[in-house]
Structures are given as structure tokens and as C-alpha cells.
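Each chain, written out:
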Amino acid sequence: MIKITKYILSFLLSLLMIKAYAQNIKNQSINIGSLTPYSDPDNKGRWVYNTEVSDEFSDETIDENRWYIVGKFDETGKPFYKHPDKPNKKIWKGRAPSQFSGRNYRLDDGKLYLQTKWEPDFAFSEEIRKPVFGDPYPYENITTVCFIGRKEFQYGYIEIRSKAAKGPVTSGFWSMGERLEFDFFETYGGTLDPKKKHLDKQLWWSIRDWNKPVNGKPVYTEKKDVGFTIADDYHIWGIEWDKKGVKYYIDGKLFSEVSAKEVTKWARENRDVPKNYNGYVATKPIHIWMDMEIFPWHDIPKSKEELETYSSEANKHDGILEFEIDYVRVWQKNNR
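This structure is a prediction, so every number in the text was calculated from the model and none was measured.

Novice: Go over the environment of Gly102 with me, naming the residues and quoting the values.
Specialist: Here Gly102 shows up in the loop between strand 3 (99-100) and strand 4 (105-108). Sequence-wise, Gly102 and Asp233 are 131 residues apart; in three dimensions their C-alpha atoms are separated by 26 Å.

Novice: I'd like a rundown of the pattern of salt bridges, residues and numbers included.
Specialist: Applying the stated rule across the entire model yields 17 salt bridges. The closest approach of N and O atoms between Glu127 and Lys90, which form a salt bridge, is 3.6 Å. One end of the pair, Glu127, is in the loop between strand 5 (111-118) and strand 6 (142-144); the other, Lys90, is in the loop between strand 2 (67-69) and strand 3, and 37 residues separate them in sequence. Accessibility expressed as a relative area gives 26% for Glu127, which makes it partly exposed. Since its relative accessible area comes to 61%, Lys90 is described here as exposed.

Novice: Run through the nonpolar core, naming residues and quoting values.
Specialist: By size, the foremost hydrophobic cluster in this structure holds 59 residues, and its most contacted members are Trp237, Trp241 and Met290. Each residue touching Met290, except ones within four places of it in the same chain, is listed here: Phe57, Trp67, Leu112, Leu114, Val145, Cys146, Phe147, Gly172, Phe173, Ile325 and Val328.

Novice: Report on the confidence of the model for the protein, specifying residues and quantitative values.
Specialist: Interpretation of the predicted coordinates at a detailed level should be avoided for regions scoring low in pLDDT. In the predicted model, the protein carries a mean pLDDT of 92, and 90% of its residues have values of at least 70. Low pLDDT, under 50, characterises residues 3-9; the stretch is placed with zero contacts to residues that sit more than four places away or in other chains.

Novice: Tell me what's going on with the sheet that holds strand 10 (residues 180-188), and back it up with residues and numbers.
Specialist: Across the sheet, which stays open at both edges, the seven strands sit in the order 2-7-16-9-10-11-12 with antiparallel pairing between neighbours. Of all strands in the sheet, those bounded by a partner on one side alone are strand 2 and strand 12 (218-225). Ignoring which end each strand starts from, the neighbouring axes of this sheet average 15° apart. The pairing of strand 9 (residues 170-177) with strand 16 (residues 286-293) spans eight bridges and is antiparallel. For Phe173, the partnering residue across the bridge sits in strand 16 and is Met290.

Novice: Any chance you could break down the packing of aromatic side chains for me, citing the residues and the numbers?
Specialist: Across all of its chains, the model carries 27 aromatic pairs by this definition. On the numbers, 5.4 Å between centres and 90° between planes, the contact of Trp92 with Phe100 is edge-to-face. Take Trp92: its relative accessible area is 21%, and that puts it in the partly exposed class. Here the basic side chain of Arg103 rests over the ring of Phe73, its NZ or CZ set 3.6 Å away from the ring centre. When the ring centre of Phe255 is taken as reference, the NZ or CZ atom of Lys224 above it lies at 5.8 Å.

Conventions adopted
Counting from 1, residues in each chain are numbered in the order their sequence is written. Reporting of local features is limited, given that this is a predicted model, to residues whose pLDDT is at least 70; pairs of side-chain atoms are given and counted only at 80 or more, and all residues count toward the totals for whole chains, interfaces and linings. The side-chain quantities take in all heavy atoms of the structure and omit both hydrogens and water. Numbering goes from the N terminus for both helices and strands, where a helix is a DSSP run of H or I of at least four residues and a strand is a run of E of at least two. By definition here, a salt bridge exists when the distance from a side-chain nitrogen of Lys or Arg to a carboxyl oxygen of Asp or Glu is within 4 Å. Exposed residues in this analysis have more than 50% of their type's maximum accessible area, buried residues have under 20%, and partly exposed residues fall in between, with area computed by a 1.4 Å probe over protein chains only. Side-chain atoms within 4.5 Å link the members of a nonpolar core, which is a set of buried Ala, Val, Leu, Ile, Met, Phe, Trp, Tyr and Cys residues. Any two residues whose heavy atoms approach within 4.5 Å are treated as being in contact. A residue's pLDDT is simply how confident the predictor is in it, with values from 0 to 100. Strand pairing follows a simple DSSP-based rule, namely that at least 2 bridges must link the two strands. The angle between two axes is taken between their N-to-C directions and runs from 0 to 180 degrees, where each axis is a line fitted to C-alpha atoms and a helix contributes only its stretch in contact. Working definition: a ring pair exists when centres of Phe, Tyr or Trp rings (six-membered ring for Trp) sit within 6.5 Å. Plane angles under 30 degrees give stacked, over 60 give edge-to-face, the rest tilted. Only when the NZ of Lys or the CZ of Arg is both within 6 Å of the ring centre and within 35 degrees of the ring normal is a charge said to sit over the ring.

The structure is reproduced here in C-alpha cells:
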């Protein structure tokens, strides 16, 4: 019995050492200075990697000087919502009926896994908040996750390699600035509504102005079919952003582009704004957000089984959906 126990312990220790060695090899293989946008392998744009806001997720723990994890737990075992850099700011707890939990993530093999969980016994907030858009719901049954970048930046090339969660939940990559919201994508991994199957292949990205008279509505938005089911595999999403406009790349290929003038034209045609309104409000520094949300206007899973409708058989009963992120990278230009 003692020999068997020693063998098991030795085997487990070996596995841990192999994993640590493999992780170290990955870290060494990433030469930060040589990284370039996937759409510009020869770096013709002369991009410079921003080490403050980028993350390869190669460490054993999350760098909390880089990310604010919303809804971390205090010593009483309850989640609290206080931004370390803005302690007096009211923090959004998530899109009800789901609520952000600071425990809904894991790191493994150089990747970040953000999680949505069926968790009816969670210490949900009793607040019923009237959202700017949509109907109010109580927080219940489902926990989600949110990471907010603590460092800001203005203009550059933003890239993420990720795989959306396969289920009725969003996998979101977006940003916030001063009265500005810049949504890079809010992808959907598997709707429960047969009439909305197009969502599984749809890229939705937007620029939103939180000033009056627009009050958070998009001043420019696109909803386009990408030609593949987004949650089936990893893809590389790249956003080239400057004062002249936005270029959007998928897996290294230009997918869409819009100029600042075209954004303003769209805003004037689709929003009740003054004739001289400048719709291209994406000109301010931003903080990156990564999160998962329940969109109640699409689906509200009523059970663990509904949440995991599209999960693989191996993972169908754990009540967890995962948004997988290999890296987040930002490059900028010295002359920005």
C-alpha cells in the first residue's frame, strides 16, 4: 500500500513538473519584440507591442495589476464590487439574470478560460436594476465573469485569439472610455431559439456614445455573417483603430472597414442628432473588457440542461460553459 501511494505521488509530481516545463518552454518561445499583428507578419505598419495592456496568459496566476476581476470574494465568502482604481464608482454586477463572479475563470496550458456557471446557490445581489436597454430581471441561477484592463491606451492594433463558449451566452471582447463604448465583438455560441440560428455565425461590433442625445445607442454598428460557426474553433480577431477609422480583420484577412466620415454619416442618418454631430467618438483612451453575459432578449436558460444544450458529452453535466482566450495583444505606433 505504501509503495502504491509513493508511486501515485511520484507520478503526480512528474505530471506537475512536465506541465511547468512545458509552460516555461512556451514563455521562452514567445519573443515579445518579434510579435506582429497576424494580418501584418512583416510588420509593414511598424507596430510596437504594448506590454502594459497585452497578456499572453502564460503565468500561473492572473496579473491583477493588469486586470480587475469583477466580483472577487471577501473574507466572509461573499462577492464584492469595488474597482481598485475607482473605489467610489458604482460597479456593474453583470447583465441580469446573470451576475459576475470573481471565481469564474481558470488558467491552464497558457490560456485563460472565462466561465459561465449554473449556480443557483450563489450569493446573488437582491438589486433589481432597470437597464438602459431592455427589461429588468432579478439576479438568479447563472453566474458569469468580467475582466477589466486597468491600463488605458489610445489607438493601435488590438488582437485576440479566442474560441467562443458553445451555448446561449455571449463571449464578449470590448472596451470603455470616457462616455465611450467600443465593442469589438459580442459573439453568440448557440441560441436556444431555432429562429435565431444566424446568431451563431454573426459578428456584432459597435461604437457607442454615452453622451446626450444618443445615451448609449450605437453611433455605428455592424452585424455580419462571418461564414463559420464562431464557437466551433479558435479564431483571430484584429481591430486596427486610429483617428481615421476602423479596419476589422478575421484570421488575418480584412473583413470590414469604415472611415470616421462614414461613421458620422451613419450616425446622422440613424440617430436623432444635430446636423453637425460628429459620430466618430472613438477618439479617447480605452480600457479593455472581456466578459460573458446572458442576453435576455435572445435566451434565458431555465435549467442547467438548457445552459449546456450544446456542450460535448464529456462536459455536459458540470454546469459550466467556457470562453477560451489564448492571448490579448495590443500594438501601437510611436507616431500615434
